[in-house]
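Listed here are the chains, written in short residue letters.
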Amino acid sequence: MDMDIIIPLLNSILTGSLYSLMALGLTLTYSIIRFPNFAHGEFITIGAYIAVLFSIIIPLSSILNLHPILTSIIILIISAIITGICAVVTHLIIYRPLINRGSKLVYLMIASLAVSIIIRYLIYIFVDIGRTFYKLYLFNILPKMYFGETIKIAGFSLTPLFQVSVFATILLVFLLQLLLTKTKLGKAMRAVANNSQLAAISGIDISRITMLAWFISGSLTGLAGVLWANYVWATPTVGQKALLSIFAASIIGGLTSFSGTVIGGYILGFSENLLLSFLNQWFNVSLSYKPMVSFMIVVIVLITSPKGIAGINLRKIILKIRKR
Amino acid sequence: MDIVGFAISFLTFYGIYLLLSLSLNLEYGFAGQPNFGKVVFYGIGAFTAGILTTRITLYLFGIHLSPCDLQARIMLKHIYDENPFLPLLLFILSIISAAIVSGIFGYLASKPALRLREDFLGITLLSFGEIFRIFIRTYYPLACGPYGIGGIPHPFNFIDNYRLKAALYLSIIAGIDVFVFILCERLANSPYGRTLKAIRDDELAAMSLGKVVHNIKGEVLIIGSAISGIAGALYSHYTSYISPDDFIPVVTFTAWTMVILGGTANNFGVVIGTLIMALIDRATALLSQVVEIPLEINYLRWVFAGILILLFLIYRPQGIFPEKPLKTPALKVGKNEDIGAKKYFKIFWRNKGSR
């Protein structure tokens, strides 16, 4: 019985960390531009395929001749930067003109759907080119990356991917927290998220802050995408499949709260793995219902408390209980 | 090359998609409800038709087999061949039931639509679309899971000439298209249509003028979903086999592309927009047969469609044919003015003298 719990538990922590990273990017763009970016999932795919590009097609390990862990870290950083640039580019050529023309929210949402379809099918074409011209089968592929050895702590065998993901999540969340609370740039970003007109009046360069937010959003998601591809393997639809869970995680945080998003990511990770494996064992629920979990969470949160965790007023609830 | 056959298949495809885009135009263009879950109602219609026709036939002939069995499918084929008019009856039944079931689901979808903001509603409906497909895929007893439902009869099974069969089916689709077009046009140019536009432009103002916004939103989603359900049923009887993977979110995107390309809140524009998208679709399919390209041309088509819609959104968001002022002159307000759909039906059947 114990063995059945450990693997889902570790998987929960792993997926929870990666969901948190991806959802943080979504929360960041939502709180600055105020529209749900349906193309966010494609940043995962871009990150994943850049990792594939630099680990299989143009193997950096044989070019640079460094320690394999160092090479993996370089690949992580490269894909984070490239995905960040992709995010900024989508903002500059698509979303900014739309916003400047005063487009409706629905048009922005459709534009992001269109962007996601364009990116997804461009990656399909990339895969197709690899197949027809270079005889490389890039569909459903694992990037060749080395993150160290499995460590055993108190009977838990922690895979290298697990170590890297959890470590990267803690580090990046900590850095993002530092950026948002301690630096002037982060404070400006929060000011724009709160009230962009007021921020503009007080002399904050909104377009620069927005671009920075897109870059951070893209790079966080791209980095998580590389690790995600090491977990579920890279396919052109890998981002689309994760998109719902990311939205669910972000919605738990009310789409605007950063701490709520991290909590939401872990809630998603635990309910998709641990909860479902419990249900599978005790109630014989099929494991293929996994994607339904995120939908259930979306619907329940949106109907009960549309502002997410941030909308729950603990003091009110406690007062209510005391009155009884 | 077989031009007539190609034209028939193209027009059938066009007719089915026209229903989708017209209903989306009604929901979004006139009433401002961003339905990002169009594929759900389309899929519900298709699967209602598929499940009902196969199961009813098996039940009527006392065969205790699941329609997923290969044996059952062979038996179904024999039954359809032996009873020439049964498929036609089943077709009528499945069209009606698909409209009803999809309408019910549209009503259910309107419930969150009343509470949520546009963006949250978009997320909910979009995820509803994914979940619908996953549920159909995983829950085997309902629709055979990933294998899909086969053995859905063609309504004109008794005709041997396949060309005539397809042409007759096309004429049915064309008839439904014309009916839906007139319905949408009448709906848009009636007081009900003006109420819809009022709700779209300013919900609060409409409410302050005594319009029951919640009811009207629900009604529009019911009508739109019923139309897309009919489109789904038509599709399933046309292909005679449906699998959950036919109902991917890209269908929703296609319907949106058609509406925005043609022009929101302009039914004629939507007809043209659908035609353009359908032409692009078929032209790329033809191109892949004529020209030897080592790459999969479908992917290029989607990239092209995405870029086209982005260009339209940025440079001409009103579409090729922008929204026009209403044709209807102001009507005399009678006593006991009905609310919502009743009002529409009154307008629909009213004699022309009252103008």
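Conventions we followed
Residues numbered from 1 in each chain as written. Chains lettered and ligands numbered in written order. Predicted model: local features only at pLDDT ≥ 70, side-chain atom pairs only at ≥ 80, totals over all residues. Heavy atoms only, no water. 1 Å grid on protein atoms, 1.4 Å probe; cavity = no way out; pocket = protein on both sides within 12 Å on 5 of 7 lines; lining within 4 Å. Points joined across faces, edges and corners; volume = space filled by probe spheres on them. Helix = DSSP H or I, 4+ residues; strand = E, 2+ residues; numbered from the N terminus. Nonpolar A, V, L, I, M, F, W, Y, C, P; charged D, E, K, R; others polar. Axes fitted to C-alpha atoms, helices over the stretch in contact; angles between N-to-C directions. Parallel < 35°, antiparallel > 145°, perpendicular 65-115°, else oblique. Left-handed = near helix turned anticlockwise from the far one by under 90°. Contact = heavy atoms within 4.5 Å. Disulfide = S-S within 2.5 Å. Buried < 20%, exposed > 50% of the residue type's maximum accessible area, 1.4 Å probe, protein only. Buried area = accessible area lost by both parts, 1.4 Å probe. Polar contact = N/O pair within 3.5 Å; in protein donor to acceptor, adjacent residues only side chain to side chain. Patch = residues over 30% accessible without salt bridge, like charges linked within 9 Å, V, L, I, M, F, W, Y side chains within 5 Å. Areas by Shrake-Rupley, 256 points an atom, 1.4 Å probe, with all protein chains shown as cover. Salt bridge = Lys/Arg side-chain N within 4 Å of Asp/Glu carboxyl O. Lys, Arg positive; Asp, Glu negative; His and termini not counted. Charge placed at Lys NZ, Arg CZ, Asp CG, Glu CD. Phe/Tyr/Trp six-rings, centres within 6.5 Å; stacked < 30°, edge-to-face > 60°. Lys NZ or Arg CZ within 6 Å of the ring centre and 35° of its normal.

Caption draft 1: Representation of the layout of surface pockets in the model. Empty space within the largest pocket amounts to approximately 1100 Å³. Around the largest pocket, the lining comprises 39 residues; the ones closest to its centre are Thr237, Gln240 and Lys241 of chain A together with Glu130 and Arg133 of chain B. Among the elements of the structure, α1 (2-33), α5 (105-134), α9 (206-232), α10 (238-252), α11 (258-283) and α12 (290-304) of chain A together with α5 (118-138) and α13 (297-315) of chain B are those that each provide at least two residues to the lining of the largest pocket. Element by element, the count of residues in the lining of the largest pocket is highest for α10 of chain A, at 6 residues. Residue composition of the lining of the largest pocket, by class: 19 nonpolar, 10 polar and 10 charged.

Caption draft 2: Spatial organisation of the packing of α12 of chain A against α5 of chain B. Running from N to C, α12 of chain A and α5 of chain B cross one another at 150°; their axes reach a closest spacing of 10 Å. Viewed along their axes, α12 of chain A and α5 of chain B adopt a mutual orientation that is roughly antiparallel. With respect to the hand of their crossing, α12 of chain A and α5 of chain B are arranged in left-handed fashion. Of the residues in α5 of chain B, those in contact with Pro291, Met292, Phe295, Val298, Val299 and Leu302 of chain A of α12 of chain A are Phe120, Thr124, Ser127, Phe128, Ile131, Ile134 and Phe135 of chain B. Looking at the contact of α12 of chain A with α5 of chain B residue by residue, the class counts come to 11 nonpolar, 2 polar and no charged.

Caption draft 3: Just the state of the cysteines, in detail. Residue and element names in this part refer to chain B. As enumerated under the stated definition, the model contains 1 disulfide over all chains in all. Disulfide pairing is shown between Cys68 and Cys144; the S-S distance is 2.1 Å. Handedness here is read from the sign of the S-S torsion; for Cys68 and Cys144, about -90°, the answer is left-handed. Taken together, the positions of Cys68 in the loop between α2 (38-60) and α3 (70-82) and Cys144 in the loop between α6 (140-143) and α7 (162-188) put the pair 76 residues apart, joining distant regions of the chain. Here Cys68 and Cys144 have matching classes, each one buried.

Caption draft 4: Highlighting the interface of chain A and chain B. Contacts between the two partners involve 46 residues from chain A and, on the opposite side, 42 residues from chain B. Between chain A and chain B the total buried area reaches about 4000 Å² when both faces are included, carbon and sulfur atoms providing 80% of it. Considering only the side of chain A, the residues that lose the most area to chain B are Tyr107, Ile110 and Tyr121 of chain A, jointly responsible for 15% of the buried surface there. Where chain A meets chain B, there are 3 residue pairs in polar contact (both at pLDDT 80 or more). Of all the elements in the fold, those that place two or more residues in the side of chain A that touches chain B are α4 (68-100), α5, α10 and α12 of chain A. With 20 residues, α5 of chain A is the single largest residue contributor to the side of chain A that touches chain B. Classifying every residue of the side of chain A that touches chain B gives 37 nonpolar, 5 polar and 4 charged.

Caption draft 5: Region of interest: a positive patch on the surface. All names here are of chain A. Taken together, the side chains of Lys182, Lys184, Lys187 and Arg190 present a region of like positive charge at the surface. The element that contributes the greatest number of residues to the positive patch is helix α7 (residues 184-194), accounting for 3 residues. Examined against the element boundaries, Lys187 turns out to sit in helix α7.

Caption draft 6: Summary view of the packing of aromatic side chains. Scanning the model with the defined rule gives 30 aromatic pairs over all chains in all. Each ring, one from Phe38 of chain A and one from Phe247 of chain A, has its centre 5.5 Å from the other, and the planes form 50°; the classification is tilted. Here Phe247 of chain A lies in helix α10 and Phe38 of chain A lies in the loop between α1 and α2 (40-57), a separation of 209 residues in the sequence. The burial state of Phe38 of chain A is the same as that of Phe247 of chain A; both residues are buried. When the ring of Tyr124 of chain A is compared with that of Phe139 of chain A, the centres are 6.5 Å apart and the planes differ by 25°; the resulting orientation is stacked. Here Tyr124 of chain A is found in helix α5, whereas its partner Phe139 of chain A is found in the loop between α5 and β1 (151-153), with 15 residues between them in sequence. Using a relative accessible area of 15% as the deciding quantity, one classes Tyr124 of chain A as buried. Of note, Arg282 of chain B hangs over the ring of Phe13 of chain B, and the distance from its end group to the ring centre comes to 4.8 Å.

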